[in-house]
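Coordinate inspection notes
Each chain is listed here by its residues.
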Amino acid sequence: MNRKVLGAQLYTLREHCRTIPEIVATLAKVRAIGYTAVQVSGIGPVDSREAGKVLADSGLTVAATHMGWWNFVHETDKVIQTHNWWNCVHSAIGSLGAEYYSPEGLDRFLAELAVVAPKLAAEGIDFSFHNHCLEFIKFDGRL
């Protein structure tokens, strides 16, 4: 996405996005109040292809996603397919599991990312990490 848009993060509306009918109703309200884009995060366990149809019909752009790192590592092809169904080129994770918060865990993440990122890039999908203050940890006195 090469233009700036103001979008709503669906994670904030996750209690209203558990099923396809709820997602349809929520997207309509989001669109009605003036948003033109969403970040898909925290929606219910719904079929990604069906969600893609609903998103396309909503008139909203899927500017970004948040998915679990496990999905990126173990279901890379499914993550890519979902982004294609949603017409979204910006993928992200919201955090990592506790096992990654050590020097060895960081090395593990970087090794896994070295496998995942080129597969995403080959399909025109970029990747980012939505950081929080908890990621700022000191190892051997260094952040």
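All of these numbers come straight from a predicted model, not from anything done at the bench.

Criteria and thresholds
Residues numbered from 1 in each chain as written. Predicted model: local features only at pLDDT ≥ 70, side-chain atom pairs only at ≥ 80, totals over all residues. Heavy atoms only, no water. Pairing = 2+ DSSP bridges. Helix = DSSP H or I, 4+ residues; strand = E, 2+ residues; numbered from the N terminus. Axes fitted to C-alpha atoms, helices over the stretch in contact; angles between N-to-C directions. Buried < 20%, exposed > 50% of the residue type's maximum accessible area, 1.4 Å probe, protein only. Polar contact = N/O pair within 3.5 Å; in protein donor to acceptor, adjacent residues only side chain to side chain. Contact = heavy atoms within 4.5 Å. Core = buried A, V, L, I, M, F, W, Y, C linked by side-chain atoms within 4.5 Å. Salt bridge = Lys/Arg side-chain N within 4 Å of Asp/Glu carboxyl O. Expected span 1.5 Å × (residues − 1). Bend = angle between axes of the 7 residues up to and from the residue. Parallel < 35°, antiparallel > 145°, perpendicular 65-115°, else oblique. Left-handed = near helix turned anticlockwise from the far one by under 90°. Nonpolar A, V, L, I, M, F, W, Y, C, P; charged D, E, K, R; others polar.

A word on the sheet that holds strand S3 (residues 61-65)
- The three strands are arranged S1-S2-S3 in an open sheet whose pairing can be described as parallel. Here the strands that pair on one side only, and so sit at the sheet edges, are strand S1 (7-9) and S3. Between one strand axis and the next, the sheet turns by 30° as a mean value, whatever way the strands run.
- Pairing of S1 with strand S2 (residues 37-40) involves three bridges; the strand directions are parallel. The partner of Ala-8 across the bridge, within S2, is Val-38.

Concerning the side chain of Gln-39
- Within the element layout of this structure, Gln-39 appears in strand S2.
- A residue is classified by how much of its surface remains accessible, and Gln-39, at 16% relative accessible area, is buried.
- At a separation of 3.0 Å, a polar atom in the side chain of Gln-39 contacts the side chain of His-66.
- When residues no more than four places from it in sequence are discounted, the contact partners of Gln-39 are Ala-8, Gln-9, Leu-10, Ala-64, Thr-65 and His-66.

Description of the nonpolar core
- Ranked by size, the top nonpolar core spans 30 residues in total, and within it Leu-27, Val-38, Trp-69, Phe-72 and Trp-86 carry the most contacts.
- Not counting the four nearest positions on each side in its chain, Leu-27 is found in contact with Leu-10, Val-38, Val-54, Leu-55, Ser-58 and Leu-60.

Digging into the pattern of salt bridges
- As enumerated under the stated definition, the model contains two salt bridges in all.
- The closest approach of N and O atoms between Glu-15 and Arg-18, which form a salt bridge, is 1.9 Å.
- Relative accessible area serves as the criterion here: at 45%, Glu-15 is assigned to the partly exposed category.
- Arg-18 gets classed as partly exposed once you look at its relative accessible area, which sits at 47%.

Points about helix H5 (residues 103-122)
- For H5, which comprises 20 residues, the first-to-last C-alpha distance of 29 Å matches the rise-based estimate of 28 Å (1.5 Å per residue) to within 8%.
- Bending of H5 peaks at approximately 30° at the position of Leu-113.
- Within H5, burial applies to Gly-105, Phe-109, Glu-112, Leu-113, Val-116 and Leu-120.
- Packing partners of the buried residues in H5 comprise helix H3 (69-74), helix H4 (76-85), strand S4 (90-93) and strand S5 (126-129).
- At the C-terminal side of H5, Gly-124 shows a positive phi close to 80°.

Some remarks on the packing of H4 against H5
- Relative to each other, H4 and H5 sit at 30°, their axes nearing to 10 Å. In terms of their interaxial angle, H4 and H5 are classed as roughly parallel. Our pair here, H4 against H5, has a crossing hand that is right-handed. Residues Thr-76, Val-79 and Ile-80 of H4 pack against Val-116, Lys-119 and Leu-120 of H5.
- Taken together, the residues of the contact of H4 with H5 break down into four nonpolar, one polar and one charged.

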